[in-house]
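# Fold and geometry: a report
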Amino acid sequence: MTSQVSYRPEIDGMRAIAVSAVLVYHLGIAQGDGIVFPGGFLGVDLFFVLSGFLITCILLQELAEEGRIQLARFYARRARRILPPMLLVMLASLPVAWAILLPSEMQRFAWSLLATLGFVSNFFWFETLGAYGAAAADQQPFLHGWSLAIEEQFYLLFPLVLMLLARLGGGRAVGVGIAVLLVLGLAVAQLSTWVMPSFSFFSPASRAWELLAGSGLAWLSRHRAGLLRRGPLARLAPLAALLVLLACFAGFELEGSGHPGLPTLPVILASCALIWFARPGEPVTALLSTPPLVYLGKLSYAIYLWHFPIFAFGRLANIDGVKAVDMVAWLGLTLALSGLSHHLVERPFRFSLPTRAFAAAITGATAMVLLFGAVSLGSDGGFGRQSARLAPLYGDASFDNEVLQAQSWSILDALDPDEKIDRWNAATPSRHEREALWFRQSASRKVLIIGNSHSKDMFNALWLNAERFDGIEFARFAIGAKVPEAHIEMLLRAPNFAAAHVIALAPRYTPEFRAALPRLAALFQRHGKEVVVIGDTAEFDSPSVLPLFDWHLRSTGTRAQLAGLNGIAHDRESAEGRAAERALDRMAEELGLGFLSRRQLICDDAAESCALVSPEGRKTMYDRDHWTLEGAALFGRRAAEAGWFQEDRKGHGRSQDRFSNLSR
């Protein structure tokens, strides 16, 4: 049996810093326009470096003492380390999921459990969260399994690589090999982040260099133990490294950062410096070795496992908005359950439970999770308590907004049975949009609706009311939110564009769309098209993670109160959205373009009402700004009654021609 690698208490202190940063980041504590510790997610990168260092130390020692790595023993140690706490958290999450998740949420939760068990959670979440209009990341109880998956994917191959390098040239070959792989890994990460940042974040190829940075330190500690550990640099490095880490946690932001890649280097180098230059008696090392930090570090794996389900379930169950007291309660519960599971499950299963008992317990727990997953998926997520509780309250209105979201794509999907149209490919033009001619009548006025998912809603509204638009036909073409030039080139080649008389811009107006509007209008006019700007839809702020309709209905607990929601919606309308629509109206007027107010299909300012509830008592929106099919039917009817796209009503919709009959 391989002798133990020397214990370093400051390593547990570093784990404490890493998990604390992650906790604060995932709480999402508001600070100005952002959150406290916007770079707290980098705590995971610190964990990767620590993991690479510690495990490579053990593997290199085993290679030195035995000449090989006992793979069965290595994976058995990993199983004892990883599986018992993870399965415990899964089992504890099952009844909570049954109690509060909606059918679509239950199905995703079940798939996430299976992906976590198979250590492919990173790929699952890339595909799931990468779809247009995906559910909020902070409401997915097992999202954090992605980092465990990356570690296990790395350790599935890394011991084999170490043995191969050792056979090729001994310790020197191992060091050179790790260095080469580290540099290649960083290059892969940078390239992947340039090409597809959402995939790079979850990719083991983009994260391997972070683990390899720790592995390189482990090799140096055996072969170059004195490197740079004397002189002024060695004395200043720990404090400098700690300050760099804290600065990155406090100031780094994920969006547009180029992470993981070269911008991540300061965090990785600081993590390596903190490990390398820590020594007994040095002030930062002494701080990291204090009992509270060491104990928190020992709990760090349990804390990491428990915190995300607790935070996610807490958000899903809290319909009145998250407050400071909720966050304190989540933290308290996380620490309490982490302490209990560490002492009662993690340590006994890892160090003292006999192999047969361990195998039996793991098999039984896994079987229970698999059974729950099978029942969830077999029932389409509908066996939970929440479905039975909400169905009487909602009546014939759907309580599952993801179902309504999927339905909103059904019209486009049905137009071409040979191509699946859904939110996963919503941001790009479909083959049917690129290649088919949708217009059928030679003498009709042909209108092509272009934009992102909001153009889908607008097209639905017009298509569902086609009989009300006498002599007018509609088609749709998807343009991504950043207005990619490739999409514009596809549009110009599309048969629907060639045939269209009117190009109606109907996206959610991102900064890129607003900036591109003059150029697009001029381009379309050069092709002989009439250009119409359709303003943004009204958007509604909810005090909860739930859309305003659901928050109101569940808060009041009775359908009788729905009658007052449209008045509440007027007060809850986003002021930024109103201002953006006015700005678009002015821009269209300056450019000499027609303007149609999409907001006026929804809101009547004179009556101080916005139609979040249809006359039939159903939702018109499935989130803060996207229309259900019921909403699209209502708003499209109002557009027809207002004379949209009639040749004698060009440019209507400004202040002198407001559509006011909104009570229907």
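Summary of the structure given here. (Residues numbered from 1 in each chain as written. Predicted model: local features only at pLDDT ≥ 70, side-chain atom pairs only at ≥ 80, totals over all residues. Heavy atoms only, no water.)

What follows covers the packing of aromatic side chains. Between two aromatic rings, the relevant description is the distance of the centres plus the angle of the planes. Within this structure, the stated rule accounts for 30 aromatic pairs. Ring plane angle 65 degrees and centroid distance 5.7 Å describe the contact between Phe 474 and Phe 645, whose orientation is recorded as edge-to-face. Taken together, the residues Phe 474 in strand β4 (residues 472-478) and Phe 645 in the segment after α27 (629-641) connect sequence positions 171 residues apart. Residue Phe 474 is classed as buried on the basis of its relative accessible area, which comes to 5%. For Phe 645, a relative accessible area of 4% gives the class buried. Among the aromatic residues, those joined into a cluster by ring pairs are Phe 74, Tyr 75, Phe 154, Tyr 155 and Phe 158. Above the face of the Trp 276 ring, Arg 229 is positioned so that its terminal group lies 3.6 Å from the ring centre. Sitting over the ring of Trp 409, Lys 456 keeps its end group 4.7 Å from the ring centre. (Phe/Tyr/Trp six-rings, centres within 6.5 Å; stacked < 30°, edge-to-face > 60°. Helix = DSSP H or I, 4+ residues; strand = E, 2+ residues; numbered from the N terminus. Buried < 20%, exposed > 50% of the residue type's maximum accessible area, 1.4 Å probe, protein only. Lys NZ or Arg CZ within 6 Å of the ring centre and 35° of its normal.)

With parallel pairing, the five strands of this open sheet are ordered in space as β4-β3-β5-β6-β7. Each edge of the open sheet is held by one strand with a lone partner, namely β4 and β7 (594-596). Averaged over all pairs of adjacent strands, the angle between their axes in this sheet comes to 25 degrees, without regard to strand direction. Across the sheet, helix α21 (residues 485-493) touches β3 (445-451) and β4, and the angle it forms with β4 is around 150 degrees. The sheet strands contacting helix α23 (residues 511-526) are β3, β5 (502-505) and β6 (530-534), and the helix crosses β5 at an angle near 180 degrees. (Pairing = 2+ DSSP bridges. Axes fitted to C-alpha atoms, helices over the stretch in contact; angles between N-to-C directions. Contact = heavy atoms within 4.5 Å.)

This part is about the packing of helix α3 (residues 71-100) against helix α6 (residues 145-195). Running from N to C, α3 and α6 cross one another at 170 degrees; their axes reach a closest spacing of 11 Å. One finds that α3 runs roughly antiparallel with respect to α6. Between α3 and α6, the contacting residues are Leu 71, Phe 74, Tyr 75, Arg 78, Ile 82 and Met 86 on the first element and Leu 148, Glu 151, Glu 152, Tyr 155, Leu 156, Pro 159, Leu 160 and Met 163 on the second. A class-by-class count of the residues in the contact of α3 with α6 yields 11 nonpolar, no polar and three charged. (Parallel < 35°, antiparallel > 145°, perpendicular 65-115°, else oblique. Nonpolar A, V, L, I, M, F, W, Y, C, P; charged D, E, K, R; others polar.)

Along the polypeptide, Trp 463 turns up in helix α20 (residues 453-463). Linking Trp 463 and Leu 412, residues 51 residues apart in sequence, is a C-alpha distance of 9.9 Å. Apart from the residues within four sequence positions on either side, Trp 463 is in contact with Ile 411, Leu 415 and Phe 474.

Next up on the list: helix α8 (residues 204-223). With 20 residues, α8 should cover 28 Å at 1.5 Å per step; its first-to-last C-alpha distance of 28 Å lies within 8% of that length. Most of α8 sits out of view: 14 of its 20 residues are buried. Two or three places before Ala 205, at the start of α8, stands the capping residue Ser 203, its side-chain oxygen 3.2 Å from that residue's backbone nitrogen. (Expected span 1.5 Å × (residues − 1). Polar contact = N/O pair within 3.5 Å; in protein donor to acceptor, adjacent residues only side chain to side chain.)

With that out of the way, let us pick up the pattern of salt bridges. One side chain can pair with another of opposite charge once the charged atoms of both are near each other. Under the definition given, this model contains 31 salt bridges. One salt bridge in this structure joins Arg 78 and Glu 152, with 2.6 Å as the shortest N-O distance. Here Glu 152 lies in helix α6 and Arg 78 lies in helix α3, a separation of 74 residues in the sequence. As a salt-bridge pair, Glu 433 and Arg 476 come within 2.9 Å of each other at their nearest N and O atoms. One end of the pair, Glu 433, is in helix α19 (residues 431-435); the other, Arg 476, is in strand β4, and 43 residues separate them in sequence. Residue Glu 433 shares its accessibility class with Arg 476, and that shared class is buried. Linked through salt bridges whose partners overlap, the residues forming this network are Arg 508, Glu 539, Asp 541, Arg 624 and Asp 625. (Salt bridge = Lys/Arg side-chain N within 4 Å of Asp/Glu carboxyl O.)

Within this structure, the stated rule accounts for one disulfide. In this model Cys 603 forms its disulfide with Cys 610; the gap between the sulfur atoms is 2.0 Å. Between Cys 603 and Cys 610 the disulfide shows an S-S torsion of about 115 degrees. By sign, it is right-handed. Judged by relative accessible area, Cys 610 falls into the buried class, the value being 0%. Cysteine Cys 57 remains unbridged, with the sulfur of Cys 272 as its closest cysteine sulfur at 12 Å. (Disulfide = S-S within 2.5 Å.)

Following His 259, the chain continues into Pro 260 via a peptide bond in cis, with omega recorded as -5 degrees. Positive phi, close to 55 degrees, is recorded for Phe 37, a residue that is not glycine. For Phe 37, the location among the structural elements is in the loop between β2 (34-35) and α2 (43-66). Here Phe 37 falls in the partly exposed class, since its relative accessible area comes to 25%. With phi around 70 degrees, Phe 645 is a residue other than glycine that occupies positive phi space.

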